[in-house]
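# Tertiary structure, described
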Amino acid sequence: MHRRSFLLSAAAVGLASPAFAAKAPPAPDFSATAGDVPVTLEIQVASFKQQMKAMGYGGADVFYELKGPASPVRFKAGQAVSFLSKEPATIDPLQRIGLFHLTTVKSTRRLTTGKVNPLGYGTRNVKNAAAVEFTAVREGEVWRITPTAPLAAGEYGLALAPNLGNNSWGWGGRGGGAQPVCAFGVD
């Protein structure tokens, strides 16, 4: 086996092993409203994974993955949807909360957070094009999170991430481990 592909595969296995997995934070406390109707979101723990291409010679993808191709919680496209979070007033919700459009791959939903170039020549964090812009307004004891544009059809995830970084790095920032996620879909 080529030295670079060995290092790439060893790094992927090492990062995915339980010894390196971060302990999942508690489930996020989000609720949703569609118009004025309260909606309970699906809660899952996303797994942190890596997938090598061509035994490492083609690079690798790093992603968080949710079970199931679609959430049982559905909204209609164009529907006024907002989310409520009980995070403290002292936090910056644009740094702490992430809303992402997920990609359906076979029977799972994924958020790709990084890529390893072919033969392991460098890695890059994905400035996630899947991030959905939102506004956050404090209303009494809660933050009201509202997407800045109507949500397109597809699958979405909403999560708290201490290392999120401007709603663009993906859940858990540059780290690994499990990440609790509130999921929903738009038809």
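Before any of the text, the structure's been laid out above.
Residues numbered from 1 in each chain as written. Predicted model: local features only at pLDDT ≥ 70, side-chain atom pairs only at ≥ 80, totals over all residues. Heavy atoms only, no water.

## Quick word on unusual backbone geometry
- You will see that K106, though not glycine, has its phi angle at about 55°, which is positive.
- Relative to the assigned elements, K106 resides in the loop between β7 (97-105) and β8 (108-116). (Helix = DSSP H or I, 4+ residues; strand = E, 2+ residues; numbered from the N terminus.)

## Notes on the environment of T135
- Mapped onto the fold, T135 is located in strand β10 (residues 134-139).
- When the C-alpha atoms of T135 and I145 are compared, they prove to be 5.8 Å apart, with 10 residues separating the residues in sequence.
- Beyond its immediate sequence surroundings of up to four residues, T135 is in contact with R144, I145, T146 and T148. (Contact = heavy atoms within 4.5 Å.)

## Here's the deal with the sheet that holds β10
- Read across the open sheet, the five strands follow the order β2-β1-β6-β11-β10; overall the sheet is antiparallel. Across the chains shown, the open sheet's two edge strands, defined by having one partner strand only, are β2 (37-39) and β10. Averaged over neighbouring strand pairs, the angle between their axes works out to 30° when direction is ignored.
- With three bridges connecting them, strand β1 (residues 30-34) and β2 associate as antiparallel partners. Of the residues in β2, the one forming a bridge with A34 is V37. (Pairing = 2+ DSSP bridges. Axes fitted to C-alpha atoms, helices over the stretch in contact; angles between N-to-C directions.)

## Things to note about the side chain of E42
- Counting through the fold element by element, E42 comes out in strand β3 (residues 42-52).
- Separated by 3.1 Å, the side chains of E42 and R109 make a polar contact.
- For E42, the residues in contact, after removing those within four places along its chain, are S71, P72, V73, R109, V181, C182 and A183. (Polar contact = N/O pair within 3.5 Å; in protein donor to acceptor, adjacent residues only side chain to side chain.)

## Observations regarding the pairing of strand β11 (residues 142-147)
- Across three bridges, the pairing between strand β6 (residues 81-85) and β11 is antiparallel. Looking at the pairing, L84 lines up with R144 of β11.
- Relative to β11, β10 runs antiparallel, the two being bridged by six bridges. In the strand pairing of β11, R138 is matched with W143.
- In this antiparallel pair of consecutive strands, β10 and β11, the connection spans two residues, and G140 shows a positive phi of 65°.

## A closer look at the packing of aromatic side chains
- With the rule as written, the count across this model stands at four aromatic pairs.
- Between F75 and F184, the aromatic rings sit 5.5 Å apart at their centres with planes inclined by 75°, giving edge-to-face as the arrangement. With F75 in strand β5 (residues 74-75) and F184 in strand β13 (residues 179-186), this pair connects stretches of sequence that are 109 residues apart. Taken as a pair, F75 and F184 share a single burial class, namely buried.
- Taking the centre distance of 5.1 Å and the plane angle of 40° together, the rings of F83 and F184 count as tilted. Here F83 is found in strand β6, whereas its partner F184 is found in strand β13, with 101 residues between them in sequence.
- Look at F83 and you get buried, because its relative accessible area is 0%.
- Taken together, the ring pairs connect F75, F83, Y156 and F184 into an aromatic cluster. (Phe/Tyr/Trp six-rings, centres within 6.5 Å; stacked < 30°, edge-to-face > 60°. Buried < 20%, exposed > 50% of the residue type's maximum accessible area, 1.4 Å probe, protein only.)

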